[in-house]
There are 2 protein chains.
Amino acid sequence: MHTVDEIVEIMASQGLRITDQRKTLARLFADTAGYLTPKAIYEYMGKSYSGLSFDTVYRNLRVMEELGVLEQVMFEDGVKFKLHCKGHDHHHHMICLQCGHTLPVTFCPMNELDVPEKFQVVKHKFEVFGYCEQCGAQTGDEASKGKL
Amino acid sequence: MHTVDEIVEIMASQGLRITDQRKTLARLFADTAGYLTPKAIYEYMGKSYSGLSFDTVYRNLRVMEELGVLEQVMFEDGVKFKLHCKGHDHHHHMICLQCGHTLPVTFCPMNELDVPEKFQVVKHKFEVFGYCEQCGAQTGDEASKGKL
DNA sequence: TTCGATGCAAAGATTTTGCATTTCC
DNA sequence: GGAAATGCAAAATCTTTGCATCGAA
């Protein structure tokens, strides 16, 4: 996980200018333990910047992704972003369908998997979806209506 | 896996009309052991139907998905469809980055995973990406350029 | 014959790009 | 001061919807 300062430092070291907007973006991701949609990010940022445009948000998300600060993931309901997990040991995630928060999973199925020698593995994906403590308690039977 | 006749029968039993276009779609999926993009499907269908429109392809894909014949999956480069795996025991897939073909993986990591009791599991995803025998042999060093 | 399926056109939604203006360093 | 970042507008994708016509049952 990165702190605001670390993210800002990475951007500055690449020659990027540190605008207010980018600082706010960095703070948002540093404070968020999960996935955010571009729309949610735009709406959050819009609170602080009246003339904010969607394309600037996208541009900054792309820049931060290229720097390796953020990672982009496709879900059934669209693209989401979160802080990149680099710097940590290899792991996977349990993801809350309600709020998007994530919990690390240290177990990796690739250690157990018997791969046919004909298949040349490049990468893998292992994700567990469900409801976190807060959301599971709050929603009860409504839980199954989540749509991440 | 379904045969063309099984797919057609499922559609007919739901009151859907069996048009030539739908028969061709059924045959395409019955013959394809992997994922197809809407665009690839449209282009394939276009060979047989000159006035084909994209919206009809989409409509039929949605219908077949609702009937449980197809399943839709989001990849980094967009939505893809394949025959639904129902009727088989629970399994996962190894997916070729080049051609989209899939191989079944009977191992399920959820059997090994120690889930925190606070987290209420709904579903999971385990996918292995790489190159199948044919594509791995063909592409060699170029392999890493795939983009599924 | 009748209602569902199709093609066409247009609308939505999401993401990207060109360009003038503003702002950081 | 000069280059990068932003906002605005418009374009490019991808997907869906309304409606008149066509066609399967």
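Residues numbered from 1 in each chain as written. Chains lettered and ligands numbered in written order. Predicted model: local features only at pLDDT ≥ 70, side-chain atom pairs only at ≥ 80, totals over all residues. Heavy atoms only, no water.

Within an unreviewed UniProt entry, the label attached to chain A reads Fur family transcriptional regulator, and the organism entered is Paenibacillus yanchengensis. Turning to chain A, the UniProt annotation filed under Subcellular location (unreviewed entry) states: "Cytoplasm". If you open the UniProt record of chain A and go to Sequence similarities (unreviewed entry), you find "Belongs to the Fur family." (UniProt positions renumbered as here; feature names shortened; annotations may be inferred.)

K.L.:
Explain the interface of chain B and chain A to me, using residue names and the numbers behind them.
P.N.:
Contacts between the two partners involve 36 residues from chain B, matched on the other side by 36 residues from chain A. Along the contact surface separating chain B from chain A lie four salt bridges. Between Lys123 of chain B and Glu76 of chain A there is a salt bridge, with the nearest N and O atoms lying 3.2 Å from each other. The tally of links between chain B and chain A comes to 10 residue pairs in polar contact (both at pLDDT 80 or more). Of all elements in the fold, only strand E1 (70-75), strand E3 (92-96), strand E4 (102-105), strand E5 (120-131) and helix H5 (133-139) of chain B reach the threshold of two or more residues within the side of chain B that touches chain A. (Contact = heavy atoms within 4.5 Å. Salt bridge = Lys/Arg side-chain N within 4 Å of Asp/Glu carboxyl O. Polar contact = N/O pair within 3.5 Å; in protein donor to acceptor, adjacent residues only side chain to side chain. Helix = DSSP H or I, 4+ residues; strand = E, 2+ residues; numbered from the N terminus.)

K.L.:
An account of the pattern of salt bridges is requested, with residue identities and associated values reported.
P.N.:
Across all of its chains, the model carries 12 salt bridges over all chains by this definition. Here Glu133 of chain A and Lys118 of chain B are joined by a salt bridge, their closest N and O atoms 3.7 Å apart. In this pair, Glu133 of chain A is assigned in helix H5 (residues 133-139) and Lys118 of chain B in the loop between E4 and E5, connecting two distinct chains. Between Lys82 of chain B and Glu71 of chain B there is a salt bridge, and its shortest N-O distance comes to 3.9 Å. On the criterion of sequence distance, the pair formed by Lys82 of chain B in strand E2 (residues 78-83) and Glu71 of chain B in strand E1 is long-range, its members being 11 residues apart.

K.L.:
Before we move on, can you summarise the sheet that holds E5 of chain B with the specific residues and values?
P.N.:
Taken in spatial order, the six strands of this open sheet run E4(A)-E3(A)-E5(A)-E5(B)-E3(B)-E4(B), and their pairing is mixed. For this open sheet the edge positions go to strand E4 (102-105) of chain A together with E4 of chain B, each flanked by a neighbour on one side alone. This sheet shows a mean twist of 25 degrees between the axes of neighbouring strands, independent of strand direction. Across four bridges, E3 of chain B lies against E5 of chain B in parallel orientation. (Pairing = 2+ DSSP bridges. Axes fitted to C-alpha atoms, helices over the stretch in contact; angles between N-to-C directions.)

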